[in-house]
Each structure stands twice: as structure tokens, then as C-alpha cells.
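Commentary on secondary and tertiary structure
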Amino acid sequence: MKLMVIGGGGREHAVIRKLKENPDVETVYALPGNGGIAADAVCVDVGAKDIEGAVRFAKENAIDFAVVTPDDPLVLGMVDALEAAGVLCFGPAKNAAVIEGSKVFSKNLMKKYGIPTASYEVFDDPAAALAYVQTAPLPTVVKADGLALGKGVLIAQTREEAVEAVKSIMEERKFGASGDQIVVEEFLTGPEVSVLAFTDGKTVKPMVSSMDHKRAHDNDQGLNTGGMGTVAPNPYYTKDIAQVCMETIFQPTIAALAAEGRPFKGCLYFGLMLTPDGPKVIEYNCRFGDPETQVVLPLMESDLLTAMLACRNGTLDKTDVRFAAKHACCVILASDGYPEHYEKGYEITCDDGISAQVYVAGAKLADGKLLTSSGRVLGVTAVAESLPAAIDAAYADVEKVHFGNAFYRRDIGARALQALKK
Ligand code: AMP
Ligand code: GLY
């Protein structure tokens, strides 16, 4: 089979490596891929948001199956366009991807179908929002409705911060049209868990759970980033909690989307908080998480392409989806200064003897050298029989990767280890 994968980050690199384990896969094209992905796929100079370009490429190259991974093309309707052109896809149609594309949509869906989430109010008028945050309980959480590169959530500890948050999103339009509407919601507490799930619109099969580390620096200090590392499974996510989530969140969400005429086919990401009142949804994403994918897929024992085809064809109930009873740890190496200002263009080199998977997120090839090209540069994922062994193995291999201005957190997995000791 000839496959094409849309996107060019560490998540896509992990997806491509896993897809290639299936012997039926002849060629994988990455649109656009990156300099590191080029070792595993044929990179094509078509941007991840270029719907026409993707359709043209798929037709001209007789692509058998397209995997659309990033949020932007999904929310823009790339799957609809490809399917209309006769190209089979993994990924939700536009009318289901809205579960990530609009927080107002997802909150209203959860309210209508009784899916546990933080209580909230929606505003499209800045004056009404400003009046509301004068009396809302603190801390309060202000969210832009639309996509905002993962930065559209502001947690206000004081009235002043709440007012500032509303003004920056609605008046200064920090996230453009994504802030035409906002959600102001209750502040929840508890450990966070990421659960990615395969679904064909009827059946839902969760993957192994994981824990992201979103802040830039150790001990959860510094700015929010796209994710600085992950471990899987997440020790807070016990079998009992998984059962509760299946019954109160996963199945009801899939059924709700189907009942609304928006069947979701693809990977649905549940961002959960395990609150004192039980698990609640913090956010949905209409796609694989990054860097969650870099720990989840290395633990997958069954075939990824088979599961993806089953999601497309509605046969997930008959499809084997299995994960190893092992542990994985991914440490992200970034350019110092990320997520703000950083330098790039440094050569990346690796010592011999790396046994971890290295998934490249931001690099380009120039004169045969691999050069850093973005904030998050690569992820090093190790798999082992125990969490401490996975963490040690990942950090041992991190020491074997070199580039100018590299920085990484030293405490990926530390909180998970503490939870295991309790
Ligand atoms: P999101 O972009 O929706 O993933 O939100 C980013 C982060 O903000 C989440 O990972 C949580 O840590 C935090 N957050 C979002 N909503 C809430 C909430 N209602 N209460 C507490 N923290 C939240
Ligand atoms: N790691 C969080 C996300 O992919 O949105």
C-alpha cells in the first residue's frame, strides 16, 4: 500500500515508524515531513494545511490511505476533501473535528449529554464577559473558543488577571477570530491524564494512558509549551478509573457525536482531570497528542495500520487493539528559549549506541547535515519493564544526542514515580 501522512512533527514521525511495521506498506509519503522524517518516509513539499495540494498529490500518486494527523487540516476539512476525491482517510470529518475546533461546541455537547466537565459560561460580548469575571469564583479559567496553538487557555488567580485575560482574547484579539467567543469555566484540581482512543464512530478502543509535562522547566515552572515530555502508562489512571471513564466519558462522547449526526472516525484525545468528584473532561482533541503519541505507539503491540483502517471502515469492534504491559518515557530536546525566542540552524549529531527511538520534530537537511529548525527539535523515547528503567534509559540516550543550544527537562516522569510510591 502507498500511504501518505499529513504533518511534520515528532508525532508524525512516531506514526510513520509504527505504520511501517506492517509488511503491506510499500511507501510512506510525508506532507511536508521534516529533515529527520526523511530517513523513514519520502518528504513532499506540500504544507500540512494545503488541502488542494494534498488532494492533487494523492490522486497523482494513487495513494491508498491518507492519515491526517494535525488539528488545523482536520478542522479545515481535509478529510472531507480527500474522501470526496476517492482517497480513504484516517481522521475525522470537519463536522466531527469541531470537537477540538470549538470549545463552545464541545462544552455545549458535554452539557447536553451529561458528560462530566467544569461548569462554564459562554460569551460573545466582551462587556458581558468582563462583568461576569468580576464575580466569578477565583481562580477562574478563560478559554478562547477556537484553535490557538495550545495557548488559548488562561488561568486567572486574581480579578485583575481575569479581566486582563478577557481583554487580551476578546478586545486585543490575541488569537484572532478564535477569540470571537470565549468560555469562562470553573477551575478544577487533580492529576491530569491523557487518553487517546481509536474510534470508528460506534466503537471506542482506548490506547494506553499517558502523562504530559506541559511547562518548559523542571517542577512545572515556566511557560506552557506544546509538551516537554511524556510517560505511559499514567500511574494515576487505575483500572477502576479507566472503567469509570469508559462508562461516563468515552462511550457517551462517541454516542453523543453520532446522535448529533457527526460520527467521529479517527483518534479522539481525551484530556482528563481526576478531580475529587471523579474524572472530568478538560479538553478534547480531534487527533493524536504530541508528545503523547511518542510514548503510546511504541507500546502498541497490535498493528497500527489495521486499527486505522478499521476506524475508517467501521469494523473496530472486530479489530485487535493491544498494548504491552511495559513503560515508556519520552524526553523532548528543545532549542533554549523555547517557547519564546530561540536560535536555530545548529547541527544535530548522535553518538553510536542509541537504543531509544529518536523522533524528529523540527529539523531540516542541508548539505547532508541535519540542522535544528524549530523550538521542539526531537524526542527520545525508551521502553522498559518498569517506569524507573524507562526514565533512566531515555535520559541515558538523551546524553548521546547533541546540538547547539539544546535544553530539556530533567524531571520527566518524576511526578509519575511519586504517584507509584504512594
Ligand atoms: P488545554 O489547552 O485545554 O489543554 O488547557 C491547558 C491546560 O490548562 C490544561 O492542561 C490544564 O492544566 C489547564 N486547565 C484547562 N482547563 C482547566 C480547568 N477548568 N481547571 C484547571 N485547569 C485547567
Ligand atoms: N500534548 C497535548 C496536545 O497534543 O494537545
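Look above for the structure.
Residues numbered from 1 in each chain as written. Chains lettered and ligands numbered in written order. Predicted model: local features only at pLDDT ≥ 70, side-chain atom pairs only at ≥ 80, totals over all residues. Heavy atoms only, no water.

Details of the site of ligand 2
Residues in close proximity to ligand 2 include Asp212, Gly226, Tyr269, Asn285, Arg287, Gly289, Asp290 and Glu292, which together make up its full environment. Within the side chain of aspartate 212, an N or O atom sits 2.9 Å from a nitrogen atom of ligand 2. Aspartate 290 is positioned such that a nitrogen or oxygen atom in its backbone is 2.9 Å from a nitrogen atom of ligand 2. Protein chains bury 87% of the 200 Å² of accessible surface belonging to ligand 2 in isolation. (Near = heavy atom within 4 Å. Polar contact = N/O pair within 3.5 Å; in protein donor to acceptor, adjacent residues only side chain to side chain. Areas by Shrake-Rupley, 256 points an atom, 1.4 Å probe, with all protein chains shown as cover.)

Let's talk about the pairing of strand S14 (residues 221-224)
Bridging between strand S13 (residues 215-217) and S14 involves 2 bridges; their strand directions are antiparallel. Within S14, the position partnered with histidine 217 by the bridge is glutamine 221. (Pairing = 2+ DSSP bridges. Helix = DSSP H or I, 4+ residues; strand = E, 2+ residues; numbered from the N terminus.)

Here's the deal with the site of ligand 1
Around ligand 1 sit 13 residues, and of these Glu185, Glu186, Leu188, Glu192 and Glu283 come closest. Here a nitrogen atom of ligand 1 sits 2.8 Å away from a polar atom, N or O, in the main chain of leucine 188. Side-chain polar atom of glutamate 283 to an oxygen atom of ligand 1: 2.8 Å apart, as the coordinates give it. When the residues that make up the shell around ligand 1 are grouped by side-chain class, the tally is 7 nonpolar, no polar and 6 charged. (Nonpolar A, V, L, I, M, F, W, Y, C, P; charged D, E, K, R; others polar.)

Considering the layout of surface pockets
Empty space left among the atoms is revealed by rolling a probe the size of a water molecule over them. Empty space within the second largest pocket amounts to approximately 340 Å³. If you trace the second largest pocket, you find it lined by Pro206, Met207, Asn234, Pro235, Tyr237, Thr238, Lys239, Ala242, Gln243, Met246 and Phe250. Its residues placed into classes, the lining of the second largest pocket shows 7 nonpolar, 3 polar and 1 charged. (1 Å grid on protein atoms, 1.4 Å probe; cavity = no way out; pocket = protein on both sides within 12 Å on 5 of 7 lines; lining within 4 Å. Points joined across faces, edges and corners; volume = space filled by probe spheres on them.)

Some details on the sheet that holds strand S8 (residues 153-156)
Strand pairing within a sheet occurs via backbone hydrogen bonds; the two strands may be parallel or antiparallel. Pairing in this open sheet of 4 strands is antiparallel, and the strands run S6-S9-S7-S8 from one edge to the other. The strands lining the two open edges of the sheet, one partner per strand, are strand S6 (120-123) and S8. Strand-to-strand twist in this sheet, taken as the mean axis angle between neighbours without regard to direction, amounts to 20°. Note that strand S7 (residues 140-144) and S8 share 4 bridges and pair antiparallel. Bridge assignment links threonine 140 to a residue of S8, and that residue is alanine 156. Its contacts with the sheet place helix H6 (residues 103-113) against S6, S7, S8 and strand S9 (182-186), and it is angled at close to 140° to S6. Taken strand by strand, helix H7 (residues 126-133) contacts S6 and S9, and its axis lies near 150° from that of S6. (Axes fitted to C-alpha atoms, helices over the stretch in contact; angles between N-to-C directions. Contact = heavy atoms within 4.5 Å.)

A few points about the sheet that holds strand S10 (residues 192-199)
In space, the 4 strands of this open sheet follow the order S11-S10-S16-S17, with antiparallel pairing throughout. Among the strands making up the open sheet, the edge pair consists of strand S11 (204-206) and strand S17 (278-285). Neighbouring strand axes in the sheet, compared pairwise and without regard to direction, differ in orientation by 35° on average. Sheet topology places S10 next to strand S16 (residues 266-275); 8 bridges connect them, and they run antiparallel. Within S16, the residue paired with valine 195 across the bridge is phenylalanine 270.

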